[in-house]
Amino acid sequence: MEKHQKKFHFQEINWIICFPADGNTGKYRDYDVMLVEVKKSHARKAKLGEILDESKIDQNYPHTVGYFKACSGEAAAFMPEYLELREIRTVEEFWAFLNALNI
């Protein structure tokens, strides 16, 4: 069975958090993830907790977050096919979203 990255698109700020198929254990805040800023076509590795503490996320709840595994198009035509879409009002709701998807 092929393993895929699990990706979460924070629609209002157009950021994607990519979780590797395996390798992370323990508390979510310590997970190694990739942050993609779609408009800037910029990606960087970071700890999930550091990303969620950034003001664009932390000070701008609620966020519409779409979960997906693949998408089509480049940054200008970014069109993910969401498997699930949720409105997240707190970081705790994001943890619950991750739990529901067995991240």
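We now turn to the structure provided with this report. (Residues numbered from 1 in each chain as written. Predicted model: local features only at pLDDT ≥ 70, side-chain atom pairs only at ≥ 80, totals over all residues. Heavy atoms only, no water.)

### Focus on the pairing of strand β3 (residues 32-37)
With burial as the criterion, only one face of β3 is covered, namely that bearing V33, L35 and E37; the residues D32, M34 and V36 on the opposite face remain uncovered. Sheet analysis places strand β2 (residues 15-19) next to β3, joined by 4 bridges and oriented antiparallel. Bridge pairing in β3 links C18 to M34. Here β3 runs beside strand β4 (residues 42-47); their pairing, made up of 6 bridges, is antiparallel. Counterpart to M34 in the pairing with β4 is K45. Connecting β3 to the next strand, β4, in antiparallel fashion are 4 residues, including S41 with a positive phi near 50°. (Buried < 20%, exposed > 50% of the residue type's maximum accessible area, 1.4 Å probe, protein only. Helix = DSSP H or I, 4+ residues; strand = E, 2+ residues; numbered from the N terminus. Pairing = 2+ DSSP bridges.)

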